[in-house]
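Inside the fold
The residues making up each chain are set out below.
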Amino acid sequence: MKMAKIGIYLDSLATARIHQHHANVFQLYIQELMTFAGIPFRSFDSADEMDAGEFDIVLAALTGGMESESSLWDFAERGGIVISFAGLPYLAARLGCRQLQEVPVGYASLSGEPGGGRPMRCFRARPWLHTSSDAGSLALSCEEDGMVRVGAADGAVAGPLLQTFRVGKGIIARWAVDIPALIVRLQQGELPVYEDGIPAQDGSGALNEGILKADDQCQLDWEADRTHTATGMPYYEHPYADYWREAFMHQLLSAASASDLIVPFVDYWPAGVEAVAMISHDSDFNSDDAGRTTLEVLSECGVRSTWCMIEPGYSPELYPMIREAGHELALHYNALEIEQGIWSQEEFNRQASWFKKATGLPAATSNKNHYTRFEGWGELFRWCEEAGIQSDQTRGPSKKGNVGFPFCTSHPYFPIAWADEYNRLYDVLEIGFLTQDLMHPALSDTSVIAPFLEKVMEVRGVAHFLYHQKHIHELPEVRKALVTTASEAKKLGFEFWTGAEINDWVRAKRELRIIGLGEGGRLRVEGERTAIAAYRPLLAGESSEGAVKRFGLPCVLLQVEFEGASRQQSVALSSLQ
């Protein structure tokens, strides 16, 4: 068995040219997608490096023009695998294709796993039409999968989603969608937040209330992307970013396996954990009685949670009680103007200092902004970095009508910066939430619990529910909803973690470095011993007995050999900074 050597091509001259014009290079996010999947790779910035024979697979995230694309062709002819994301315009004619008009907004789907034809929202798709296999085309064949539709899930077909061309001994696979940039837009928005979003016509999502929030840059359509529960509760049904992540990983692993190449990966969660649930609270109004009631309810449920504290906080004696019960104390930054809040780093730091003094902790691991207040693009994440706060939970719905997946992911992720910071990764783990205070008179009822848990389990993310202590104490129906949430999640196999525990796990996993396959196919890993589960897809002819599905493929669990502490990260955050 041979472990695939994967390279990510991000041309340095093209990157510099784009940044010179103050535009974004969100193609850089492909490195984060690979890191989060626990797949080893090496980035390179010049097409000349493909000639050295160091790679079996090249992810052509950002190429340098005609000459570099010609080098990719030569790499494929020698037996390499090239995967492109809406790129390679200079190879279109050589591949017997004609470039079609860009689709600003659309829905795409694949025929097989994962998804089986499920529509996925997309932007700026650039499909190709395969016109011939005659002498004008040098590709031996073209296989097509899926389609891109214009404007709606049932809109006109614009072209295929994925085309795979046989070139010499290798292949060139081209997605019609720039998957890394698309995921960034779904998770973080198209633009910085500087004005209110468009409200829902049915009155369930009044984003235009004059308060800047994370969901003002939601990239979903109120009509096309929402559905309703049996009781009429509207919600955003699909974690589209997670679907795109799964689709890309499925194609990458499938292409490698077809060439008898092994691509090992580290699973999302520790061995034996399928998915994680999380409960967080915001201490608005800071009632000690509400805090005590919440402690009692959580004890009955057997759940540890994250308590986001807003100034002036609880009485001093409550904090030790919260910590002794195994809960996390976190910051609840208040920048809401109607409560005399201020959006500024100075004020953020002042409240972070208050938190440390009030709780006796050296720092908060996590933060969630009051009322999901959010401005700009990366200010909050910079403030968290500089204050030593490692995780944020602000990106969630603020209205009854946009609960679910307004930012299209249930997975924790590291946000990418705007062009003014050269699209580096922020060293802050974002853990968004699904909904708040179920059964509150102004919010959703418990009919959303089952579909939320089902979707999160499907993509194996984090099912994060927010319940305010005030409402748990004062509203019996909200208290019952919290109990129901915990009970239903546990029945499905979710494990409840705090935000700090999720942050610690994600960061520990990223410190590992896969260095190769050892005797008997064991996976050699460099780094501190951690309870990871590592897999690889089955190759042709291998028995599927005992295999598990990952990324829509049958995979075998690998034995892992740890080889001591490493001073090197597999794909460090600093690689994008």
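Our subject is the structure listed above.
Computed from a prediction, not measured in an experiment: that's the story for all the values here.

Considerations on the sheet that holds strand β11 (residues 147–150)
Taking strand neighbours across the sheet as the criterion, the four strands line up as β8-β7-β11-β12 in an open arrangement whose pairing is antiparallel. Two strands lie at the open edges of the sheet, namely β8 (120–125) and β12 (157–159), each paired on one side alone. Averaged over all pairs of adjacent strands, the angle between strand axes in this sheet comes to 45°, irrespective of strand direction. Where strand β7 (residues 103–109) lies against β8, five bridges are found, and the strand directions are antiparallel. Within β8, the position partnered with A108 by the bridge is M120. In this fold helix α5 (residues 240–258) packs onto β7 and β8, with an angle of close to 75° to the strand it touches most, β8.

Details of the side chain of T498
Here T498 is to be found in the loop between β27 (495–496) and α13 (499–510). When its relative accessible area of 4% is taken as the criterion, T498 is described as buried. Excluding its chain neighbours within four sequence positions, the residues that come into contact with T498 are R304, S305, T306, G326 and E328.

Remarks on the layout of surface pockets
Size it by volume and the largest pocket reaches roughly 1000 Å³. Those elements that place two or more of their residues in the lining of the largest pocket are α1 (12–20), β4 (57–62), β5 (81–85), β8 and α4 (179–188). Within the lining of the largest pocket, the residues separate by chemical class into 21 nonpolar, ten polar and nine charged. Looking at the second largest pocket, its volume works out to about 620 Å³. Lining of the second largest pocket is provided by 34 residues; of these, D284, E339, H370, Y371 and H468 occupy positions nearest its centre. Elements with a minimum of two residues in the lining of the second largest pocket: α8 (345–359) and α11 (469–474).

Quick look at the packing of helix α6 (residues 288–301) against helix α12 (residues 476–491)
The axes of two packed helices give the description: the angle between them and the distance between them. Relative to each other, α6 and α12 sit at 25°, their axes nearing to 10 Å. Judged by the angle between their axes, α6 and α12 are roughly parallel. Taken as a pair, α6 and α12 cross one another with a handedness that is right-handed. Of the residues in α12, those in contact with T293, V297, L298 and C301 of α6 are R479, L482, V483, A486 and K490. The class makeup of the residues in the contact of α6 with α12 is six nonpolar, one polar and two charged.

Regarding unusual backbone geometry
Here E113 and P114 are connected by a cis peptide whose omega angle stands at -15°. Position of P114 relative to the elements: it lies in the loop between β7 and β8. Note the cis peptide between E311 and P312, where omega equals 10°. Looking at the secondary structure, you find P312 in the loop between β20 (306–309) and α7 (318–324). In this structure, D260 takes a positive phi of about 60° despite not being glycine. Among the structural elements, D260 can be located in the loop between α5 and β17 (261–262).

A few points about the packing of aromatic side chains
Applying the stated criterion to the full structure yields 27 aromatic pairs. Centre to centre, the rings of Y333 and W383 are 6.2 Å apart; their planes meet at 85°, and the pair counts as edge-to-face. One end of the pair, Y333, is in the loop between β21 (328–331) and α8; the other, W383, is in helix α9 (residues 379–387), with 50 residues separating them in the sequence. Like Y333, the residue W383 is buried in the burial classification. Three or more aromatic residues joined by ring pairs make a cluster, and in this case those are Y333, W343, F348, F374, F381, W383 and Y426. Above the plane of the ring of F36 lies K509, whose end atom (NZ or CZ) is 5.1 Å from the centre.

Quick word on the pattern of salt bridges
Tallying each qualifying case throughout the model produces 39 salt bridges. In this structure, R42 and E49 form a salt bridge, with 3.2 Å as the shortest nitrogen-oxygen distance. The salt bridge partner of E477 is K480, with a shortest N-O separation of 3.6 Å. With E477 and K480 both in helix α12, this residue pair falls three residues apart, about one helical turn.

Describing the pairing of β7
With respect to burial, β7 is a largely interior element, five of its seven residues being buried. Looking at chain direction, β7 and β11 are connected through four bridges and run antiparallel. Within β11, the position partnered with Y107 by the bridge is R149.

Definitions and limits used
- Residues numbered from 1 in each chain as written.
- Predicted model: local features only at pLDDT ≥ 70, side-chain atom pairs only at ≥ 80, totals over all residues.
- Heavy atoms only, no water.
- Pairing = 2+ DSSP bridges.
- Helix = DSSP H or I, 4+ residues; strand = E, 2+ residues; numbered from the N terminus.
- Axes fitted to C-alpha atoms, helices over the stretch in contact; angles between N-to-C directions.
- Contact = heavy atoms within 4.5 Å.
- Buried < 20%, exposed > 50% of the residue type's maximum accessible area, 1.4 Å probe, protein only.
- 1 Å grid on protein atoms, 1.4 Å probe; cavity = no way out; pocket = protein on both sides within 12 Å on 5 of 7 lines; lining within 4 Å.
- Points joined across faces, edges and corners; volume = space filled by probe spheres on them.
- Nonpolar A, V, L, I, M, F, W, Y, C, P; charged D, E, K, R; others polar.
- Parallel < 35°, antiparallel > 145°, perpendicular 65-115°, else oblique.
- Left-handed = near helix turned anticlockwise from the far one by under 90°.
- Phe/Tyr/Trp six-rings, centres within 6.5 Å; stacked < 30°, edge-to-face > 60°.
- Lys NZ or Arg CZ within 6 Å of the ring centre and 35° of its normal.
- Salt bridge = Lys/Arg side-chain N within 4 Å of Asp/Glu carboxyl O.

Structural measurements only, silent on function.
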